[in-house]
Amino acid sequence: MINHVDLVIVGNGMAGNRLVQELAKQPHKPESVLVIGEEPRHAYNRVLLSPLLAGEMNAEQVALQDARWYREQGIELISGDPVASVDLAARTLVTQSGAQVEFHRIVFATGSRANMPRLPGIELDGVMGFRTWDDVERMQQSASDGAHAVVVGGGLLGLEAAEGLRKLGMQTTVLQRGDRLLNLQLDATAAGLLRDELTGRGLNVRLDSEIDEIVGEQGRVTGVRLKDGQLLKADLLVLAIGVRPEISLARAAGLRCNRAIEVDATLHTSHQNVFALGECCEFEQNTYGLVAPIWRQAEVLARVLCGEEHAYSEQPVATQLKVSGISLFSCGEIDACNAQPIEYLDSIHAEYRKLWLRDGRIVGAVLYGDTRFGPWYFQQLLSEQDLSHQRARLLFGPPPETQVA
């Protein structure tokens with residue numbers, strides 16, 4: 001039995017790690033903090049798994065705080081021994097190895113898992129998600145063994161996985177169920193530019209395509225059959241079709257859950273002294289996958305845990321992406337209804353900007369290639385400024401007198 005601790009954080013992913021960083025800044029920290037992580041590694045930046053896969057970054061560049069940092073902060077850390085059960089009434093938990101912990105307060109930061117659909121053949125070797133460092137190592141090993149990869153999902157994660165595998169020498173195909181890549185962030189023109197660039201590099205992109213079944217021999221994937229009947233060869237199949245919040249532990253403990261663990265503005269769950277943040281939590285029917293809102297949650301929760309009054313609220317988010325060196329930006333309503341679009345396209349230099357205005361105010365923006373004006377457009381969106389008088393030059397960024405050389 002580990003001695004009683006004031007605060008237990010279940011999960012040492014990006015949300016849990018950000019929370020301990022925020023706690024370290026507070027003048028009145030919890031008396032004792034214990035972090036319990038599922039993975040054997042210390043916390044790492046999941047956003048950087050794609051360059052790690054492609055060999056563009058090394059392990060040190062992807063890692064976050066190491067064991068020494070935790071010791072310096074007086075925070076105890078258990079890695080590679082996930083929590084197996086939590087008794088909220090008794091305020092105790094048991095890890096997979098059988099270690100027992102008594103706690104006063106507990107935070108669920110259990111993140112999410114790759115969404116694995118129910119498809120015939122899903123259990124075959126060589127079929128995997130793309131979510132963890134172990135996934136990266138498995139993909140790198142497959143790249144050295146096999147020649148063909150199929151990646152399902154034309155979102156950011158799927159495209160980065162596909163580009164990483166292509167750079168490792170695999171003949172890689174991306175399957176996107178919809179009619180364009182990054183359909184949540186880009187309009188048709190920007191998505192078309194992105195597809196042209198990626199196919200020009202050697203990536204095979206198939207839109208309006210869905211898997212009917214996964215084909216294999218001797219327990220290992222050999223291909224995928226599409227709904228149109230076509231068979232594609234696959235020595236590796238990566239499913240990057242979203243995530244599902246990891247709430248099994250919380251649900252078993254009796255916390256109120258919908259799609260994720262329900263929390264209020266102070267990140268409290270349905271139980272006293274029990275909190276949640278990040279991809280495993282749900283606030284006002286919103287769940288999370290982007291870094292910005294989770295960082296705000298971590299700041300709020302750190303203050304709440306240290307006795308301050310603070311509240312989380314939803315805010316508009318701008319998406320700044322870089323897909324294998326291609327800069328993209330989007331914010332607000334894409335293809336907004338009852339809005340007037342204006343756009344600029346330079347096909348030679350692959351630069352594109354499109355704004356949607358309603359009553360002279362920016363309500364949405366998409367930028368491809370040159371994204372330096374993105375933050376300014378987002379600022380105007382938040383301030384709801386009437387820019388009618390600037391309409392003729394809006395596509396060329398802020399007025400010259402406001403630009404910094």
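Quick caveat: nothing in here was measured; it's all calculated off a predicted structure.

Peer 1: Outline the overall build of the chain, listing residues and values.
Peer 2: A tally of regular secondary structure across the chain gives 10 helices and 24 strands. Radius of gyration (C-alpha) of the chain: 23 Å, near the 22 Å computed for a compact globule of 405 residues. In terms of overall dimensions, the chain has C-alpha extents of about 65 × 65 × 35 Å along its principal axes. Expressed as a percentage of contacts within the chain between residues at least 6 apart in sequence, the contacts between residues at least 24 apart total 60%. Element-wise, carbon and sulfur atoms account for 45% of the exposed surface of the chain, whose accessible area totals about 19,100 Å².

Peer 1: How would you explain the sheet that holds strand 23 (residues 351–358) if you had to name every residue and give the values?
Peer 2: Across the sheet, which stays open at both edges, the 5 strands sit in the order 20-21-24-23-22 with antiparallel pairing between neighbours. The sheet is open, and its two borders are formed by strand 20 (318–323) and strand 22 (340–346), each paired with just one other strand. With direction set aside, neighbouring strand axes in the sheet form an average angle of 15°. Where strand 21 (residues 326–332) meets strand 24 (residues 361–368), 5 bridges bridge the pair, whose relative direction is antiparallel. Note that in strand 24 the partner of Phe 329 across the bridge is Leu 367. Packed onto the sheet, helix 10 (residues 374–383) meets strand 20, strand 21, strand 23 and strand 24 and runs at close to 160° relative to strand 24.

Peer 1: Outline the pattern of salt bridges, supporting the account with residue identities and numerical values.
Peer 2: Inspection of the entire model under this criterion finds 23 salt bridges. With a shortest N-O distance of 3.8 Å, Glu 72 and Arg 68 are connected by a salt bridge. Here Glu 72 pairs with Arg 68, and both are found in helix 4 (residues 67–72), just 4 residues apart, close to one helical turn. Of the two residues examined, Glu 72 and Arg 68, each falls in the exposed class. In the salt-bridge network here, residues are joined through shared partners; they are Glu 163, Arg 166, Glu 197 and Arg 201.

Peer 1: Break down unusual backbone geometry for me, citing the residues and quoting the values.
Peer 2: We note that Leu 267 has phi near 70°; this positive angle belongs to a residue other than glycine. Within the secondary structure layout, Leu 267 lies in the loop between strand 17 (261–262) and strand 18 (274–276). Owing to a relative accessible area of 0%, Leu 267 belongs among the buried residues under this scheme. The backbone of Asp 335 shows a phi angle near 55°, a positive value even though the residue is not glycine. Structurally, the position occupied by Asp 335 is in the loop between strand 21 and strand 22.

Peer 1: Requested: an account of the nonpolar core, with residues and values cited.
Peer 2: By size, the foremost hydrophobic cluster in this structure holds 55 residues, and its most contacted members are Val 8, Ile 9, Val 86, Ile 106 and Phe 108. With 7 residues, the top contributor of residues to this core is helix 9 (residues 291–305). Look past the residues within four positions of Ile 106 in its chain and what remains in contact with it is Leu 7, Val 8, Val 10, Val 86, Leu 88, Leu 93, Asn 273, Val 274 and Phe 275. Counting 44 residues, the second largest nonpolar core, distinct from the first, contains Val 136, Ala 191, Leu 198 and Val 366.

Peer 1: Would you mind going over the packing of helix 1 (residues 14–25) against helix 9 in detail, with residue names and values included?
Peer 2: One way to put it is that helix 1 packs onto helix 9 with a least axis distance of 8 Å and a crossing angle of 45°. Our classification of the angle between helix 1 and helix 9 gives oblique. Read as a crossing pair, helix 1 and helix 9 show a hand that is right-handed. Here Met 14, Ala 15, Arg 18, Leu 19, Glu 22 and Leu 23 of helix 1 come into contact with helix 9, specifically with Val 291, Ile 294, Trp 295, Ala 298, Glu 299, Leu 301, Ala 302 and Leu 305. Considering only residue class, the contact of helix 1 with helix 9 consists of 11 nonpolar, no polar and 3 charged.

Peer 1: Outline the side chain of Asp 6, listing residues and values.
Peer 2: You can see Asp 6 is positioned in strand 1 (residues 2–10). With a relative accessible area of 12%, Asp 6 lands in the buried category. At 3.2 Å, the side chain of Asp 6 forms a polar contact with the backbone nitrogen of Glu 31. Aside from chain neighbours lying at most four places away, what touches Asp 6 is Pro 30, Glu 31, Ser 32, His 104 and Arg 105.

Peer 1: I'd like to hear about the side chain of Asn 273, residue by residue, with values.
Peer 2: Following the sequence through the fold, Asn 273 ends up in the loop between strand 17 and strand 18. When near neighbours in sequence (up to four residues on either side) are disregarded, Asn 273 contacts Arg 91, His 104, Arg 105, Ile 106 and His 268.

Calculation rules
Residues numbered from 1 in each chain as written. Predicted model: local features only at pLDDT ≥ 70, side-chain atom pairs only at ≥ 80, totals over all residues. Heavy atoms only, no water. Helix = DSSP H or I, 4+ residues; strand = E, 2+ residues; numbered from the N terminus. Rg over C-alpha atoms; globule rule 2.2 N^0.38 Å. Contact = heavy atoms within 4.5 Å. Areas by Shrake-Rupley, 256 points an atom, 1.4 Å probe, with all protein chains shown as cover. Pairing = 2+ DSSP bridges. Axes fitted to C-alpha atoms, helices over the stretch in contact; angles between N-to-C directions. Salt bridge = Lys/Arg side-chain N within 4 Å of Asp/Glu carboxyl O. Buried < 20%, exposed > 50% of the residue type's maximum accessible area, 1.4 Å probe, protein only. Core = buried A, V, L, I, M, F, W, Y, C linked by side-chain atoms within 4.5 Å. Parallel < 35°, antiparallel > 145°, perpendicular 65-115°, else oblique. Left-handed = near helix turned anticlockwise from the far one by under 90°. Nonpolar A, V, L, I, M, F, W, Y, C, P; charged D, E, K, R; others polar. Polar contact = N/O pair within 3.5 Å; in protein donor to acceptor, adjacent residues only side chain to side chain.

These figures come from the coordinates and say nothing about function on their own.
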